[in-house]
Amino acid sequence: MNGTNLFKIALRALANNKLRAFLTMLGIIIGVASVITMLAIGQGSKKSIQKQISEMGSNMIMIHPGADMRGGVRQDPSSMQTLKLTDYESLRNETNFVAAVSPNVSSSGQLIAGNNNYPSSVSGVGLDYLEIRQLTVESGEMFTASDIQTSAKVCVIGKTIADNLFPNEDPIGKIMRFNQVPFRVVGVLKAKGYNSMGMDQDDVVLAPYTTVMKRLLAQTYLEGIFASALTEDMTDNATEEITEILRRNHKLKESDDDDFTIRSQQELSTMLNSTTDLMTTLLACIAGISLVVGGIGIMNIMYVSVTERTREIGLRMSVGARGIDILSQFLIEAVLISITGGIIGVVIGCGASFIVKNVAHWPIYIQSWSVLLSFAVCTVTGVFFGWYPAKKAADLDPIEAIRYE
């Protein structure tokens, strides 16, 4: 019996039991749709994180004071005073793999302008900070090297600060107070929105680091140093160079631990990507359970079908049908059920992904391999779970099958 006739017989058998065939497909439909949706959410989250990291500067390096041990107790890194202005100057003047470097200090408090106020913080930075963080001044200008030398009370603000303190007016040249210290706004940054962790990137006030250190904090040490490597590939070289310079400046022996910590965007990207990959795999495995349940449903229904059609099988064998023909017929039925369910599941899965994107506003990304994988799994599921019932049908004795009641 040729393949075309077997295919027609399988279609006719499924058409005679439409509801049962659909209910059998349902497990496959739900499984495929769940897998595609979960993978789309997982990959969308990964893409969103990668985009946010890229916007922050994929070659950015962050240097912070290291936690120290005193009397057997590990101190809070934020209370350490191991980073000095001399460290910043050494990194600025002596490094070969660093493109830009900026000190960082910050103070939290209340911003006041006229009758408006807003809780935020002022970050003391250098001129290279905009390049490192990939920020752009949209209106006005950045403060100058002269402002840094004279500890001028000037600042550049983000869109969120401008909207809250200076609604419906141009903030350039206006005065705002921070902890009773007046600052003149000289520039407004281009809006960047929220990042993948829900942080408002426009809630920012940048001022000369000398101003924040002298007029707000009255301290001589830095809370951190931001730098960027010449290229992303040179990040490791830059990190090694920075480590060597800081250890020399801090007069650390070979046996001494670093009194600072260095983190790069590559480390952050690797960590977040591994976390999202793990979560995506977990979600896909949970959704994949539905495919297994759907496969068991195919096996169950095909087993019942063999039992119901025992006499039909006997008659086919008595007129010349071989065991391989019977086996192929039932396998084709199982594969048709699984592939048809897979196609419907792909459509529903893609639709559900876009619903999640538009309703829940979650980032999604449907990859072609996830759809191909679903079809492959559907086919394997149909063959695997349809094999035993089909083999049972092929092994029936024609005489016993005809006499079956």
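Please refer to the structure placed before this passage.
Values in this document were obtained by computation on a predicted structure and should not be read as measured data.

(A) Examining the overall build of the chain more closely. Scanning the chain from terminus to terminus reveals 13 helices and 12 strands. Scaling as 2.2 N^0.38, a compact globule of 405 residues should have a C-alpha radius of gyration of about 22 Å, whereas the chain reaches 33 Å, well beyond that. Relative to its 405 residues, the chain shows a buried fraction of 45%. Residue pairs at least 24 apart in sequence account for 77% of intrachain contacts in the chain once pairs closer than 6 positions are excluded. Of the roughly 20,500 Å² of accessible surface on the chain, 57% is carried by carbon and sulfur atoms. Once the 34 positive and 39 negative side-chain charges of the chain are each reduced to a mean point, those two points are 8 Å apart.

(B) Looking closely at the nonpolar core. Membership of the largest hydrophobic core comes to 59 residues, with the highest contact counts inside it found for Ile63, Ile157, Met176, Leu206 and Ile242. Ignoring any residue separated from it by four or fewer positions in sequence, one finds Leu206 in contact with Ser123, Val125, Tyr129, Leu130, Leu135, Phe143, Val154, Cys155, Val156 and Leu189. Met302, Ile313, Leu331 and Ala393 belong to the second largest nonpolar core, which has 32 residues in total.

(C) Representation of the pattern of salt bridges. For the structure on display, the rule yields 4 salt bridges. Linking Glu169 and Lys174 is a salt bridge whose minimum nitrogen-to-oxygen distance equals 3.8 Å. Looking at Glu169, the relative accessible area reads 38%, which means it is partly exposed. Judged by relative accessible area, which is 32%, Lys174 ranks as partly exposed. In this structure, Asp258 engages Arg247 in a salt bridge whose closest nitrogen and oxygen atoms are separated by 2.5 Å. A residue pair is termed long-range when its members are at least 10 positions apart, and Asp258 in the loop between α8 (235-249) and β12 (260-264) and Arg247 in helix α8 qualify at 11 residues. You can call Asp258 partly exposed: its relative accessible area is 36%. Classification of Arg247 by relative accessible area gives buried; the value is 17%.

(D) Structural context of the environment of Gln265. With respect to the helices and strands, Gln265 occurs in helix α9 (residues 265-308). Residue Gln265 is classed as buried on the basis of its relative accessible area, which comes to 1%. Each C-alpha atom of the pair Gln265 and Glu232 lies 9.2 Å from the other, and the pair is 33 residues apart in sequence.

(E) Just unusual backbone geometry, in detail. Phi is positive for Asn168, close to 60°, though the residue is something other than glycine. The phi angle at Lys251 is positive, at roughly 55°, despite the residue not being glycine. Looking at Lys251, the relative accessible area reads 71%, which means it is exposed.

(F) Structural context of the pairing of strand β1 (residues 60-65). Counting buried positions over the 6 residues of β1 gives 5, a clear majority of the element. Examined bridge by bridge, β1 and strand β11 (residues 224-229) share 4 bridges and lie antiparallel to one another. Bridge assignment links Met62 to a residue of β11, and that residue is Phe226.

(G) Fine view of helix α7 (residues 209-217). For α7, the set of buried residues is Tyr209, Thr210, Thr211, Val212, Met213 and Leu216. Immediately beyond the C-terminal end of α7, within one or two residues, lies Ala218, with a positive phi of roughly 50°.

(H) Here's a closer look at the packing of helix α11 (residues 323-360) against helix α12 (residues 368-394). Interhelical geometry of α11 versus α12 gives an angle of 150° and a closest axis separation of 7 Å. The angle between α11 and α12 falls in the class roughly antiparallel. Considering how the two elements wind past one another, α11 and α12 form a crossing that is right-handed. Residues Gly323, Ile326, Leu327, Phe330, Leu331, Ala334, Val335, Ser338, Ile339, Gly342, Ile343 and Val346 of α11 lie in contact with α12, whose contacting residues are Val371, Phe375, Cys378, Thr379, Gly382, Val383, Gly386, Trp387, Ala390, Lys391, Ala393 and Ala394. Partitioned by chemical class, the residues of the contact of α11 with α12 number 17 nonpolar, 6 polar and 1 charged.

Conventions we followed
- Residues numbered from 1 in each chain as written.
- Predicted model: local features only at pLDDT ≥ 70, side-chain atom pairs only at ≥ 80, totals over all residues.
- Heavy atoms only, no water.
- Helix = DSSP H or I, 4+ residues; strand = E, 2+ residues; numbered from the N terminus.
- Rg over C-alpha atoms; globule rule 2.2 N^0.38 Å.
- Buried < 20%, exposed > 50% of the residue type's maximum accessible area, 1.4 Å probe, protein only.
- Contact = heavy atoms within 4.5 Å.
- Areas by Shrake-Rupley, 256 points an atom, 1.4 Å probe, with all protein chains shown as cover.
- Lys, Arg positive; Asp, Glu negative; His and termini not counted.
- Charge placed at Lys NZ, Arg CZ, Asp CG, Glu CD.
- Core = buried A, V, L, I, M, F, W, Y, C linked by side-chain atoms within 4.5 Å.
- Salt bridge = Lys/Arg side-chain N within 4 Å of Asp/Glu carboxyl O.
- Pairing = 2+ DSSP bridges.
- Axes fitted to C-alpha atoms, helices over the stretch in contact; angles between N-to-C directions.
- Parallel < 35°, antiparallel > 145°, perpendicular 65-115°, else oblique.
- Left-handed = near helix turned anticlockwise from the far one by under 90°.
- Nonpolar A, V, L, I, M, F, W, Y, C, P; charged D, E, K, R; others polar.

Bear in mind that shape data such as this cannot, by itself, settle questions of function.
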